[in-house]
Amino acid sequence: MRNGTSTAVGLVLGFVLDRVFGDPRRWHPVAGFGTAAAALEAQTYADDRRAGVVHEVIAVGSVVGVGALAMRSRGAGGAVLLTALATWTALGGRSLVRAGHAMADRLDADDLVGARELLPSLCGRDPSVLDAEGLARAALESIAENTSDAAVAPLLWGAVAGVPGVLGYRAVNTLDAMIGYRNERYERFGWAAARTDDVANLVPARVTGVLTAVLAPLVGGTAGASLRAWRRDAGSHPSPNAGVVEASMAGALGVRLGGRTQYRHGVELRPSLGDGPAPNAVDLRRAVRMSGGVQVGAVVVAGVIAWVRGGR
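Residues numbered from 1 in each chain as written. Predicted model: local features only at pLDDT ≥ 70, side-chain atom pairs only at ≥ 80, totals over all residues. Heavy atoms only, no water.

Caption draft 1: Seen up close, the overall build of the protein chain. The number of helices and strands found in the protein chain is 12 helices and 2 strands. Relative to the 2.2 N^0.38 estimate, which gives 20 Å for 312 residues, the radius of gyration of the protein chain is 19 Å and therefore close to what a compact globule would have. Once the C-alpha set of the protein chain is aligned to its principal axes, its extents read approximately 55 × 45 × 35 Å. Burial status across the protein chain gives 51% buried among its 312 residues. When contacts within the protein chain are restricted to residue pairs at least 6 apart in sequence, long-range pairs at least 24 apart make up 72% of them. Side chains of the protein chain carry 32 positive and 27 negative charges; the gap between the two charge centres is 8 Å. (Helix = DSSP H or I, 4+ residues; strand = E, 2+ residues; numbered from the N terminus. Rg over C-alpha atoms; globule rule 2.2 N^0.38 Å. Buried < 20%, exposed > 50% of the residue type's maximum accessible area, 1.4 Å probe, protein only. Contact = heavy atoms within 4.5 Å. Lys, Arg positive; Asp, Glu negative; His and termini not counted. Charge placed at Lys NZ, Arg CZ, Asp CG, Glu CD.)

Okay, structure coming up:
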């Protein structure tokens, strides 16, 4: 079995493991990385961009190195197994879908207390200030963004760089979630983490946008509406990647996203994305259906890329 075929098979198996089992409930490697990164931060932190660059290089470089060493002495079967396990570790697609459905269930039942308790598992906004409409919008925007970050991007990085790519991407994305904030502590130290994550997601976000447009009929939308919202609105979003996936999702669903967005570290006024009414629980379920479709599309694309790049 050639390298490309081994990688493709491993990516598909890892995707299946995620769909069947979801995230490991105990001893999750990403949680272990987070603990190690926090310990490293205690040694590397300074209110300075250079310190943040050093922190990023050590943390991500260590993970990439472990992945490369693991792949050095293995046969074809070992490569498939390692790729599958690394992909399963990096993916969060099933957990994302389950959280989206759970949030819609709570909103349908008018259980705002339960919905507010669940929101932190999806995003970092302050749930205490959100009503039902705000909770639905926050959850839907998170579904759109995390479809790219937690599903499409790991698969594509695995397709082009194997196990080191999968694990390295997961490290980059985790560090961004930990320190990539524009607050007093991380404005400078977290700069490298935020910019590295932006670069790592440039292509995956756009692949997600294309898949969202192509699959828009799954949720009663059209590719044209999704692409129009992307072209018109994505550039006004402060993130070069979140704007793409949120705008294309808004266009596919026929809803309006954006507006006042309150995090625990402060308030941001986001531009409007898409046309139509604010989303509700029904729209959130449609977004979850779209996310599932995009994830399947992404594993097909990643498998083909790996197979072609590896000489079949």
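Caption draft 2: Representation of helix 1 (residues 3-21) within the structure. An ideal rise of 1.5 Å per residue puts 27 Å on 19 residues; helix 1 measures up with 26 Å between its terminal C-alpha atoms. Here helix 1 has its buried residues at Gly 4, Ser 6, Thr 7, Ala 8, Gly 10, Leu 11, Gly 14, Phe 15 and Asp 18. (Expected span 1.5 Å × (residues − 1).)

Caption draft 3: Main features of unusual backbone geometry. You will see that Asp 110, though not glycine, has its phi angle at about 55 degrees, which is positive. Tracing the backbone through its elements, the reader meets Asp 110 in the loop between helix 5 (93-108) and helix 6 (112-118). Using a relative accessible area of 66% as the deciding quantity, one classes Asp 110 as exposed.

Caption draft 4: Up close: the packing of helix 1 against helix 12 (residues 281-309). Viewed as axis vectors pointing N to C, helix 1 and helix 12 meet at an angle of 165 degrees, and their least axial separation amounts to 7 Å. Of the possible angle classes, the one that applies to helix 1 and helix 12 is roughly antiparallel. Handedness of the helix 1/helix 12 crossing: right-handed. Residues Gly 4, Thr 5, Thr 7, Ala 8, Leu 11, Val 12, Phe 15 and Arg 19 of helix 1 touch helix 12, and the partners they reach there are Gln 295, Val 296, Val 299, Ala 302, Gly 303, Ala 306 and Trp 307. In the contact of helix 1 with helix 12, the residues fall into 9 nonpolar, 5 polar and 1 charged. (Axes fitted to C-alpha atoms, helices over the stretch in contact; angles between N-to-C directions. Parallel < 35°, antiparallel > 145°, perpendicular 65-115°, else oblique. Left-handed = near helix turned anticlockwise from the far one by under 90°. Nonpolar A, V, L, I, M, F, W, Y, C, P; charged D, E, K, R; others polar.)

Caption draft 5: Region of interest: the pattern of salt bridges. According to the stated counting rule, one finds 11 salt bridges in the structure shown. Between Asp 108 and Arg 285 there is a salt bridge whose closest N-O contact spans 2.9 Å. Of this pair, Asp 108 sits in helix 5 while Arg 285 sits in helix 12, placing them 177 residues apart in sequence. Among the residues examined, Asp 108 registers a relative accessible area of 46% and is labelled partly exposed. Relative accessible area serves as the criterion here: at 25%, Arg 285 is assigned to the partly exposed category. Among the salt bridges present, the one from Arg 232 reaches Asp 275, with a minimum N-O distance of 3.1 Å. Of this pair, Arg 232 sits in helix 10 (residues 223-233) while Asp 275 sits in the loop between strand 2 (266-273) and helix 12, and the two are 43 residues apart along the sequence. Each of the salt bridges in this network shares a partner with another, and the network as a whole consists of Asp 105, Asp 108 and Arg 285. (Salt bridge = Lys/Arg side-chain N within 4 Å of Asp/Glu carboxyl O.)

Caption draft 6: View of the packing of aromatic side chains. Taken as a whole and assessed by the stated rule, the structure comprises 3 aromatic pairs. For the pair Phe 21 and Trp 88, a centre-to-centre distance of 6.1 Å together with 50 degrees between the ring planes defines the contact as tilted. Pair noted here: Phe 21 is in helix 1 and Trp 88 is in helix 4 (residues 76-90), with a separation of 67 residues, a long-range link. Given a relative accessible area of 53%, Phe 21 falls into the exposed group. Taken together, a centroid distance of 6.4 Å and an interplanar angle of 35 degrees make the contact between Tyr 186 and Phe 189 tilted. In this structure an aromatic cluster arises from ring pairing among Tyr 45, Tyr 186 and Phe 189. When the ring centre of Tyr 45 is taken as reference, the NZ or CZ atom of Arg 185 above it lies at 3.8 Å. (Phe/Tyr/Trp six-rings, centres within 6.5 Å; stacked < 30°, edge-to-face > 60°. Lys NZ or Arg CZ within 6 Å of the ring centre and 35° of its normal.)

Caption draft 7: Molecular detail of the environment of Tyr 186. Within the fold, Tyr 186 resides in the loop between helix 7 (132-179) and helix 8 (191-200). Tyr 186 sits 16 residues away from Leu 202 along the chain, and the two C-alpha atoms are 22 Å apart. When sequence neighbours within four positions are dropped, the list of residues in contact with Tyr 186 reads Glu 41, Met 178, Ile 179, Tyr 181 and Trp 191.

Caption draft 8: Spotlight on the nonpolar core. In this structure, Met 103, Leu 107, Leu 155 and Leu 284 are the most contacted members of the largest nonpolar core, which totals 51 residues. Looking at this core element by element, the count peaks at 11 residues for helix 7. Excluding residues within four positions of it along the chain, Leu 155 makes contact with Leu 11, Phe 15, Thr 87, Leu 91, Gln 295, Ala 298, Val 299 and Ala 302. Within the second largest apolar cluster, 17 residues are counted, among which are Val 60, Ala 153, Ala 171 and Phe 189. (Core = buried A, V, L, I, M, F, W, Y, C linked by side-chain atoms within 4.5 Å.)

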